[in-house]
Amino acid sequence: MEIGHFLLGLCAFFYFYRSVTAESTCKLKAKFNLNGYKDVERKKVVIGGMFSVHKRIASTDGNTSRVPVSSGCEGFNFRTFRWTQTMLFAINEINERNDLLPETDLGYVVYDSCFTISKAVEGTLTYLTGQDEAVPNYRCGSGAPLAALVGAGGSDLSIATARILGLYHFPQVSYCSSCSALESKFQFPTFLRTIPNDKHQSTAMAQLVLHFGWTWVGTIAADDDYGKYGIKDFKEQVEEAGVCISFSETLPKVSSPEDIQRIVETVVESTAKIIVVFSSDVDLSPLIFELLRHNVTNRTWIASEAWVTSALINHPGVSSVLGGTLGFGVKRADIPGLQRHLLDLDPYADQLTEEFWETVFNCTLDYSKALKQAKQKAKEVNSTLSQAVRGVPEGLCTGSESLAPLNNTYSDVSQLRITYSVYKAVYAVAHALHNLEHCVNGQGPFSGSTCADITNFEPWQLMYYLKNVRFKVPNTNEEIYFTDGDVEGFYDIINWQVNSNGEISYITVGRYNGSAAPEDRMTIMNDSIVWNNEMLEPPRSVCSENCQPGTRKGIRQGEPVCCFDCIPCADGEISNTTNARECILCSGDYWSNDAHDICVAKIIEFLAFGEPLGITLIVISAFGALVTIAVGVVFVVNISTPLVKANDPLLSFSLLFSLVVTFLSSIVFLGEPRDWSCMTSQVGLALGFALCLSSIMGKAAVLMLRAQALKAARAKAKAAAKAAKAAAEAAANSGSPDVIVTNTNNNNDVNTSTNPDVDILTCAHQRAIATVATLIQAIACTVWLIVLPPHPVKNTSAQNIKIILECDEGSVVFICCIFGYDILLALLAFIFAFIARKLEDHFSEAKCVTFGMLVFFIVWISFVPAYLSTRGKFMVAVQIFAILASSFGLLTCIFLPKCYVLLVKPERNTEEMMRPRSKPRDGTSTGTSASLATAATEVNASTASTAIDD
């Protein structure tokens, strides 16, 4: 808008200046140096055109000490010169038609914008003025009315010209200005175009990148509105879809070797294999030459429509860098008669054609210039003019050279895409003029239903018809209409493939239709694409390889989201998709497999009957039970012998029965836990040990009491012996001969002295102790089973990959009380036996009980750390081993000595062996547990006999 405001001010100044005085005149401040074509004589309507026939303006020395001169142009562009000729061809074709503007001859004024904004503005002002000297805000002369401007080439140029033309509501139809910024009707109310809006192209490029799964791309854009807006729309769409930009570079508008070198280094250093380029061919060509010089290969380029079929880029040797390029080209068409027009040029017709001729044939049409060059060359060689110089100078064009044999960009009509867009733009203006000319008065679109006069119409009147024009292009029958100044977004997807001659061929491998449904917009034949280095598989362009199932993405600090580490999922977590952002936790009964990509059911673990460890434990338990039963059988067989009688057979059988129960209860711990097995195993073990330990406690209590009684009797006997001895010595000292010293302690004395003591606890008392102690445990177990019984549970916390089936005790308080009670019985039994350990007899039963209880305690004390350090089914195994070890310890320590006598040494199973040992030195004697039990039995028997006699 700055240009518009400036021009408005300038125009107001001119108007004010001319109005001040009638004598004042316009003063021309500058004269533009423009090249082009003009044919306005005897024409009814004039169409303007603007093409970048040259690539740039010629550099100046910047001297401000002389009158400034408008810069000339350099760098002839054959491609845009073909576009210029296409406009002339289309106007000539329309003038020859009888069905389109039959009564109107079209003229034209075409200027060269030199691919520069300043030249485009110069041409626009000159065109609006109607004469070579531009006078802003004035139309000088009375020639044919101006219709519209076809141009002005690149988007930057069209933006500049559209701002000026919009001030006067002057129509502009562009053939290659695709920048999305030009869609704003607020800024550019009279701008239309026959090339699709770049929004479609940016979307198409984004879909192409996503189609091939590229997530790591580089971007290069021209330093103009075309490049900036195009790449901006592309980046917004791909970044929203998760694609990352490796680098984003800008091509300089003015040649800068330093910037080009920097971009090359960026491309080489980047790991991105896909590079998207939004640029014109003119801006891109320096970079391509530098990439060729550095032999930068193994990249796939995505081309915008501005250079995808440009011969300026596609020159010999470029295939190593750009082979496999994918790009988007606007619609292609064949235009009959165009090639003949291109080849039938008069080199002397105008300055542009003359320059083209001299450039294409590398000669000059100026005889004096050719002669001067020949003389200079001859002087450098031998300082003598050759015959050729004296006749026809070398390097002079004849003007009759043929363009037909040439195979260059100008004469190549195989890829008429922008050329076809120029053709459509001219026809759009022509059809709008046709509709304006054939308006019927009274049915017109303007105020009062009036029509415009084609010989004298205003630009805004033609703008109405242009906005609403609808026609079919000759030969192709493509229907053209404008929607808010834009046409449909249709593109061919072009692949650069190297043919058998080593040249680049443009192969159409797909289509993109921006008007279709999103899922149907792009069709692409993947198998038809030949990639860089003639690979058939699409290249991979990722910052980080995809994270496979079983891993998750871990973002790297300070890097784009596409650069990540693949972190394995933790145990118990999975990811079953590629590039998962987080792992999924498996539910309670499931666990991750080794690959962490699926949740599998946890292993159900329990100590089964059929596994080797289970079989081993069953065999040991059965063996222990059978040995215990065998001991019981031995006792039954020898029940009438003194040894069995002396040990209270009923108490011995209850002890053996309890050991059988403990052995067999260990088997119940095996197998899959059930309600009944959990209750049976725990209760059976508790009751079995209660009966066992209470029986041992009763036996140990008797032993302790008898040991105390024997100790008291021995002390009494010893005191009596000392008294007798003292009396004898006293008598001897007195000289009495009648005193005889004798042994005052004999077996009868022992028996007599011990009889009162051994009756304190009888066999009935022992049985009562065992019964009451077991009954207490039975009551506690019954309450436990009723209130909080043990039950099977699934332990999922002990081991991650397993579900351990085990028994839950139900209540920690109950289990502690019940087994604490068993420990109490064991402690009492141990204390009683320990006190009675010094009983001296042939069997040392108190010592055997003491040792058996020590074994019991050692086993269960060792059990605690072993149990706590194991997991799973081995906890059950440790518990069973403890039960078996303690049971075997008690069985061995208590019953092995007796079985040894009963089976191996039956001669010792006599009443005599049940009696006390010989007297010790002090004259006292002790009794055995068995002898004392026998004595007690005899005393009880004699007492009973005496009672009967009485």
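Everything below is about the structure printed above this text.
**A short note on the pattern of salt bridges**
Point 1. Scanning the model with the defined rule gives 26 salt bridges in all.
Point 2. Notably, a salt bridge pairs R97 with D99, separated by 2.6 Å at the nearest N-O pair.
Point 3. Between K232 and E236 there is a salt bridge, and its shortest N-O distance comes to 3.0 Å. Residue K232 and its partner E236 are both found in helix 6 (residues 225-240); the two are separated by four residues, about one turn of the helix.

**A word on the layout of surface pockets**
It is the rolling of a water-molecule-sized probe over the atoms that shows where space remains empty.
Point 1. Of the volumes computed, that of the largest pocket is approximately 1000 Å³.
Point 2. Considering the residues around the largest pocket, the lining is formed by 42 residues, among which Q682, E809, F863, Y867 and Q879 are closest to the centre.
Point 3. For the lining of the largest pocket, the elements supplying multiple residues, two or more each, are helix 19 (675-734), strand 27 (802-808), helix 22 (812-835), helix 23 (845-868) and helix 24 (873-904).
Point 4. The greatest single-element share of the lining of the largest pocket, amounting to eight residues, is contributed by helix 23.
Point 5. A breakdown of the residues in the lining of the largest pocket according to their chemical character gives 28 nonpolar, seven polar and seven charged.

**What about the packing of helix 21 (residues 763-787) against helix 22?**
Point 1. In contact at an axis separation of 10 Å, helix 21 and helix 22 are set at 170° when each is read in the N-to-C sense. By the angle between their axes, helix 21 is roughly antiparallel relative to helix 22. Two secondary-structure elements touch here, helix 21 through A773, I776, Q777, A780, C781, V783, W784 and V787 and helix 22 through F814, I815, I818, Y821, D822 and L825.
Point 2. Along the lines of polarity and charge, the residues of the contact of helix 21 with helix 22 split into 12 nonpolar, one polar and one charged.

**Describing the pairing of strand 9 (residues 216-222)**
Point 1. Most of strand 9 sits inside the fold, with seven of its seven residues counted as buried.
Point 2. Where strand 9 and strand 10 (residues 244-251) come together, seven bridges link them in parallel fashion. Within the sheet, the bridge partner assigned to W216 lies in strand 10 and is C244.
Point 3. As for the winding sense of the linkage, the β-α-β connection from strand 9 through helix 6 to strand 10 is right-handed.
Point 4. Summarising the sheet, strand 9 and strand 11 (residues 274-278) pair through five bridges and their orientation is parallel. From the neighbouring strand, T219 faces strand 11, where its bridge partner is V276.

**Some thoughts on the environment of T796**
Point 1. With respect to the element layout, T796 can be found in the loop between strand 26 (791-795) and strand 27.
Point 2. In this structure T796 comes out as partly exposed when scored by relative accessible area, which is 30%.
Point 3. Between the alpha carbons of T796 and G588 there is a distance of 7.1 Å; along the sequence they are 208 residues apart.
Point 4. Those residues in contact with T796 that sit more than four places away from it in its chain are G588, D589, K602, K802 and I803.

**So, the environment of E236**
Point 1. When its relative accessible area of 45% is taken as the criterion, E236 is described as partly exposed.
Point 2. Through-space distance from the C-alpha of E236 to that of T203 is 9.8 Å; in sequence the pair is 33 residues apart.

**Some words on empty space enclosed by the protein**
Point 1. If you walk through the whole model with that rule in mind, you get two cavities of 30 Å³ or more.
Point 2. The calculated volume of the largest cavity comes to roughly 180 Å³.
Point 3. Along the wall of the largest cavity there are 16 residues; nearest its centre are K331, K424, E478, V487 and E488.
Point 4. Going through the elements one at a time, helix 14 (418-437) and strand 15 (479-481) are the ones with two or more residues in the lining of the largest cavity.
Point 5. Here the lining of the largest cavity is composed, by residue class, of eight nonpolar, two polar and six charged.

**Some thoughts on the state of the cysteines**
Point 1. Throughout the structure, instances matching the rule amount to nine disulfides.
Point 2. The disulfide that involves C586 links it to C599, with 1.9 Å between the sulfurs. Since a negative S-S torsion denotes a left-handed disulfide, the C586-C599 link at about -90° is left-handed. In this pair, C586 is assigned in the loop between strand 22 (584-585) and strand 23 (590-592) and C599 in strand 24 (residues 599-601), connecting sequence segments 13 residues apart.

**Quick word on helix 14**
Point 1. Between its first and last C-alpha atoms helix 14 spans 29 Å; for 20 residues at 1.5 Å apiece the expected length is 28 Å, and the two agree.
Point 2. Counting buried residues along helix 14, 19 of its 20 residues qualify, which places the element largely inside the surrounding structure.

**Some details on the sheet that holds strand 16 (residues 490-498)**
Point 1. Ordered in space as 10-9-11-12-13-16-17-18, the eight strands form an open sheet in which the pairing is mixed. Two strands bound the open sheet, and with one partner strand each, they are strand 10 and strand 18 (522-524). Between one strand axis and the next, the sheet turns through 25° on average, direction left out of account.
Point 2. Running at roughly 160° to strand 9, helix 6 makes contact with strand 9, strand 10 and strand 11 of the sheet.
Point 3. Lying on the sheet, helix 8 (residues 281-294) is in contact with strand 9, strand 10, strand 11 and strand 12 (300-303); it crosses strand 10 at an angle near 110°.

So, how was this worked out
Residues numbered from 1 in each chain as written. Predicted model: local features only at pLDDT ≥ 70, side-chain atom pairs only at ≥ 80, totals over all residues. Heavy atoms only, no water. Salt bridge = Lys/Arg side-chain N within 4 Å of Asp/Glu carboxyl O. Helix = DSSP H or I, 4+ residues; strand = E, 2+ residues; numbered from the N terminus. 1 Å grid on protein atoms, 1.4 Å probe; cavity = no way out; pocket = protein on both sides within 12 Å on 5 of 7 lines; lining within 4 Å. Points joined across faces, edges and corners; volume = space filled by probe spheres on them. Nonpolar A, V, L, I, M, F, W, Y, C, P; charged D, E, K, R; others polar. Axes fitted to C-alpha atoms, helices over the stretch in contact; angles between N-to-C directions. Parallel < 35°, antiparallel > 145°, perpendicular 65-115°, else oblique. Contact = heavy atoms within 4.5 Å. Buried < 20%, exposed > 50% of the residue type's maximum accessible area, 1.4 Å probe, protein only. Pairing = 2+ DSSP bridges. Right-handed = clockwise from strand over helix to strand, strands pointing away. Disulfide = S-S within 2.5 Å. Expected span 1.5 Å × (residues − 1).

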